[in-house]
Every structure is written in C-alpha cells, then in structure tokens.
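Each chain is listed here by its residues.
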Amino acid sequence: MSTTSYNCTNDAQRAEGLAHAQKAIAAKQVIVMPTDTVYGVAADAFSPQAVATLLAAKGRGRNMPPPVLMPRIGTMEGLATEIPDDARKLAEKYWPGPLTLIFHGQPSLTWDLGDTVGTVALRVPDDQLALDLLTLTGPLAVSSANRTGQPAAQTASEARAQLAESVEVYLEGGFRPLEGTDPTPSTIVDATGLRLRVVREGAISLADIQKIVPSALGSEPEPEMWSPPNLTKDEPAETDGESVESTEAEVADEAAPPINLSKPAPGSVPKSAAEPVDLDNKDPETTT
C-alpha cells in the first residue's frame, strides 16, 4: 500500500487530501483524519471488509467495535431506530460535539461493525475537516488512531508512527485538541434502555447531561431501597432500580448483527443517509 500524507492547513493540499481520502474510503481502505477530540482511523461503515481492515490496523478484535461518525444530526434517523425524545434533546444540545449516543441500529441496514448486539454508537464531531470529509463519504466507522493499548494520536504524524503503511491517507490538520492539552474522550450515553444512562463520563459531565435530561442515570447501579425489617425470607425486598445494562458498543469507540453485511439492503437508507435525512481513551483508549 502506498501511504500519502497531506498538510490540510494548506488549502491546495487540503482539497487534494480530501479527494484522495474519499477515493480511499470508496476502495475499502482506511484513512486517518482529525476529530474534535483526537485523531481517528476511519473506514466505510457499510463495508465489513473495510471495518475489518480498521480493526486489524489497530490490533483490535470484533469485541471492541468502532462508533460511527456522521456529518449532521439528521443522519441519525437513517442509522438508528427507537430514538427516545430525551436522546434527541441531548443531540440537539451537544451535536456537533463530544457526545456519543448508543441506539438500536436500523434493522434495514446490512452492516457489520463487530459484536454490537444490534446497537450502533453515533456522533457528529465538531471539526470542520472531519465534517467536510463525512459530507463527501457518508457515515464512517472511526476509532482513535493508535494501536490498541498505546496513547491516542493528537496529530497525523503521531498516528503514522503507530499505524504506518496500514493506512492509505493521512490528513494532517494540526493538534487535536490544542497543543499542550490532554485529549478528553467523548461522553457516551446509552439510549437503548428505559432511561438514558451515562456509561462513560468524558468531555460532558453527568451533571450537565442531567440539566437536559434530569432522569438520566450514571454508570453506577442504582441502590436498593430501604425495606422493612419484618420481611420473611420468602418476601424479596423491593428495589428502586431498573436492570438496564449498558449496551456500549466499544463502544467503543463505538454497534451489529452477524457478518454478511456489505451494503444497505433494498429499500434501506443509503450510505449517503446524510442527504435528505438531513470518533479518545478506552480499552482504556480514546473514543473519537
């Protein structure tokens, strides 16, 4: 594989780099791109072959599937189902931004992101270069641009030192986040249960989430309620909590049914669901 890097702070190289990255994604290759949190390694979310290449580049298995980055909030409707109103409120408040939402995936879409139990983790990044690329390619599976267990890359050159020739195109946009600052992962919220649950607190705090959705739960299980001392051994104590377990797909970084899913099924939302329905540190490594 021939690897090419583009300095996207230069307008001419930026245009050339975006065009090359678009072609690489279409050819089921992987690329490295900046996001608002850290640099991510990206692949066509609808190509099992491309996603497998992404996971292999990172040295990661199917048990840690990547999230999907989208160019706009409206794309969510084409990729997820059973979207709670509270999750919509969070999306409207924090997208583009460092919020990852886990939903049930659209059953009409034939994709394979890994062992996701039918879920998908979605995010709209607050980074113009990333958004410009996503507009060209449609939704991308994106995981932090580093080998599993290594520090998340904050520049494309740092990513290249780890991923080398496994990546076709490196888009260099400078430090993400700012030079001298530590990367902060996105906050991950599971929206597949009866109530929203913050399964990883990142750039957005649980307190901030609860300002928008007061009923949102933290990652800790809810405590049992006090129960009267005269219960017999056959009478279980009543509990206040739900047993809503996190279905975090990696996430993370980030959702899926069995293999054999390369393209959207007939009648499904196409990969450019960006049209009218119009990633950080986990494993621990950073979810984009």
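An account of the accompanying structure is given in this report.

What counts, and where the lines are drawn
- Chains are numbered independently. Their residues run from 1 in the order of the written sequence.
- Given that this is a predicted model, residues contribute local features only at a pLDDT of at least 70 and side-chain atom pairs are listed and counted only at 80 or more, while totals for whole chains, interfaces and linings are drawn from all residues.
- By convention in this description, side-chain values take in all heavy atoms of the structure and omit both hydrogens and water.
- The helix count covers DSSP runs of H or I at least four residues long, the strand count covers runs of E at least two residues long, and both are numbered beginning at the N terminus.
- When accessible area is computed with a 1.4 Å probe and restricted to protein chains, residues below 20% of their type maximum are described as buried, those above 50% as exposed, and intermediate ones as partly exposed.
- The Shrake-Rupley method, run with a 1.4 Å probe, gives the accessible areas here. Residue values count only the displayed protein chains as cover.
- As a rule, the C-alpha atoms of each element are fitted with a line to give its axis, helices using only the stretch in contact, and angles between N-to-C directions run from 0 to 180 degrees.
- Reported orientations rely on four angle classes, namely roughly parallel under 35 degrees, roughly antiparallel over 145, roughly perpendicular from 65 to 115, and oblique for the rest.
- It is the rotation of the near helix from the far one that decides the hand of a crossing: anticlockwise by less than a right angle makes it left-handed, clockwise makes it right-handed.
- Two residues qualify as a contact provided that any one of their heavy atoms is within 4.5 Å of a heavy atom in the partner residue.
- Any residue outside Ala, Val, Leu, Ile, Met, Phe, Trp, Tyr, Cys, Pro, Asp, Glu, Lys and Arg is labelled polar, Gly included; the first ten of those are nonpolar and the last four are charged.
- Salt bridges are counted wherever a side-chain nitrogen of Lys or Arg sits within 4 Å of a carboxyl oxygen of Asp or Glu.
- Note on aromatic pairs: the rings of Phe, Tyr and Trp (six-membered ring only in Trp) are paired at centre separations within 6.5 Å, and the planes decide the class, stacked below 30 degrees, edge-to-face beyond 60, tilted for the rest.
- Here a polar contact is recorded for every N or O atom pair within 3.5 Å, except that within protein the pair must consist of a potential hydrogen donor and a potential acceptor, and residues adjacent in sequence are included only if both atoms are side-chain atoms.
- The directions considered for the arc run from the helix axis to the C-beta atoms.
- Criterion used throughout: strands pair if DSSP finds at least two bridges between them.

This next bit is on the overall build of the protein. When helices and strands are counted, the protein shows seven helices and eleven strands. Taken across its 288 residues, the protein has 50% of its residues classed as buried. Summed over its atoms, the accessible surface of the protein is roughly 12300 Å², and 52% of this surface lies on carbon and sulfur atoms.

Remark: helix H1 (residues 11-26) packs on helix H5 (residues 128-137), axes separated minimally by 10 Å, with the N-to-C direction vectors making an angle of 45 degrees. Between H1 and H5, the angle falls in the class oblique. In the packing of H1 onto H5, the handedness of the crossing is right-handed. Between H1, through Arg14, Leu18, Ala21, Gln22 and Ile25, and H5, the contact on the second element is made entirely by Gln128, Leu129, Asp132, Leu133, Leu136 and Thr137. Considered class by class, the residues forming the contact of H1 with H5 number six nonpolar, three polar and two charged.

Let us now look at the pattern of salt bridges. Two side chains carrying opposite charge are able to pair once their charged atoms lie near each other. If you walk through the whole model with that rule in mind, you get seven salt bridges. A salt bridge links aspartate 127 to arginine 176; its shortest N-O distance comes to 2.6 Å. A residue pair is termed long-range when its members are at least 10 positions apart, and aspartate 127 in the loop between strand E7 (119-123) and H5 and arginine 176 in the loop between strand E9 (169-172) and strand E10 (187-190) qualify at 49 residues. Each of the two residues, aspartate 127 as well as arginine 176, counts as buried. Note that lysine 211 and aspartate 208 form a salt bridge whose closest N and O atoms lie 3.4 Å from each other.

Counted under the stated rule, the structure contains one aromatic pair. Ring plane angle 25 degrees and centroid distance 5.3 Å describe the contact between phenylalanine 46 and tryptophan 111, whose orientation is recorded as stacked. One end of the pair, phenylalanine 46, is in the loop between strand E3 (39-44) and helix H2 (48-58); the other, tryptophan 111, is in the loop between strand E6 (99-105) and E7, with 65 residues separating them in the sequence. Take phenylalanine 46 and tryptophan 111: they sit in the same class, and that class is buried.

With respect to the helices and strands, alanine 52 occurs in helix H2. With 60 residues separating them along the chain, alanine 52 and aspartate 112 place their C-alpha atoms 9.1 Å apart.

The next thing to look at is the side chain of serine 144. Take serine 144: it is sitting in strand E8 (residues 140-144). Since its relative accessible area comes to 0%, serine 144 is described here as buried. Side-chain polar atoms of serine 144 contact the side chain of asparagine 146, separated by 2.8 Å.

Those residues of helix H6 (residues 156-163) lying buried are Ala156, Ala159 and Leu163. Looking straight down H6, one finds that the buried residues subtend no more than 55 degrees of arc, so they occupy a single side. Next to the buried residues of H6 lie strand E2 (31-34), E3, H2 and E9. Residue alanine 164 follows H6 closely and has a positive phi angle near 50 degrees.

The next subject is the pairing of strand E11 (residues 197-200). Where E10 and E11 come together, three bridges link them in antiparallel fashion. Within E11, the residue paired with aspartate 190 across the bridge is arginine 197. Remark: six residues form the turn of the hairpin made by E10 and E11, two consecutive strands paired antiparallel.

What follows covers unusual backbone geometry. Of the consecutive residues tryptophan 95 and proline 96, the connecting peptide bond is found in the cis state with omega at -5 degrees. Structurally, proline 96 is set in the loop between helix H4 (85-94) and E6. Cis geometry is found at the peptide bond from arginine 176 to proline 177, where omega equals -10 degrees. Mapped onto the secondary structure, proline 177 falls in the loop between E9 and E10. The backbone of lysine 28 shows a phi angle near 65 degrees, a positive value even though the residue is not glycine. Tracing the backbone through its elements, the reader meets lysine 28 in the loop between H1 and E2.

On to H4. Of all the residues in H4, the buried ones are Ala87, Leu90, Ala91 and Tyr94. Considered in projection along H4, the buried side chains sweep an arc of 100 degrees and stay on one side of the axis. Opposite its buried face, H4 presents the exposed residues Asp85, Glu92 and Lys93, each directed more than 90 degrees away. Of the surrounding elements, those touching the buried residues of H4 are E6, E10 and helix H7 (206-212).

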